[in-house]
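Listed here are the chains, written in short residue letters.
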Amino acid sequence: RRYFIHEFRRIAGLLFSVACRDLSDSACDDDDMSDVQLLGLPMTMTKVEEASLSVTHSLEGHALRVSWAIEWLLKTVKMSADEGLFHDDEVYRRIEGQLHKFKSAWLEAREIA
């Protein structure tokens, strides 16, 4: 259970960071979020995750990274639910709904930026 909570928080932080960088890079001004600012956010990433954030730009992969992070979160929750970690059978469905709302809001913000 502790590991699930740790991984969920870590991947959620990664999701928010990638979405934030995408919106920053999509903005009309030239004040993009630097790698130093992004990597200074309070989260833990693997070296592979860190490298993928550092080399992408909104035109070349952030949207894909956001989708991957959402799927990673859902997979983590689904595997934990399948193993009976939760007392409530609706946890997966609720988290899936919340992530869908997040993705919709992010896509709408992306259009504005």
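Residues numbered from 1 in each chain as written. Predicted model: local features only at pLDDT ≥ 70, side-chain atom pairs only at ≥ 80, totals over all residues. Heavy atoms only, no water.

Caption draft 1: Representation of the overall build of the chain in the model. A tally of helices and strands in the chain yields five helices and zero strands. For the chain, long-range pairs separated by at least 24 residues make up 69% of all intrachain contacts whose partners lie at least 6 apart in sequence. As presented, the chain carries roughly 7,400 Å² of accessible surface, and 56% of it is formed by carbon and sulfur atoms. (Helix = DSSP H or I, 4+ residues; strand = E, 2+ residues; numbered from the N terminus. Contact = heavy atoms within 4.5 Å. Areas by Shrake-Rupley, 256 points an atom, 1.4 Å probe, with all protein chains shown as cover.)

Caption draft 2: Expanded view of the pattern of salt bridges. Applying the stated rule across the entire model yields four salt bridges. Residue E7 pairs with R10 through a salt bridge whose shortest N-O separation is 3.0 Å. Remark: R10 and E7 occur in helix α1 (residues 2-26); sequence separation between them is three residues, near one turn of the helix. Residue E7 shares its accessibility class with R10, and that shared class is buried. As a salt-bridge pair, R93 and E90 come within 2.8 Å of each other at their nearest N and O atoms. (Salt bridge = Lys/Arg side-chain N within 4 Å of Asp/Glu carboxyl O. Buried < 20%, exposed > 50% of the residue type's maximum accessible area, 1.4 Å probe, protein only.)

Caption draft 3: Quick peek at the environment of C20. Within the secondary structure layout, C20 lies in helix α1. You can call C20 partly exposed: its relative accessible area is 32%. Taking the C-alpha atoms as reference points, C20 and R110, 90 residues apart in sequence, are found 9.9 Å from one another.

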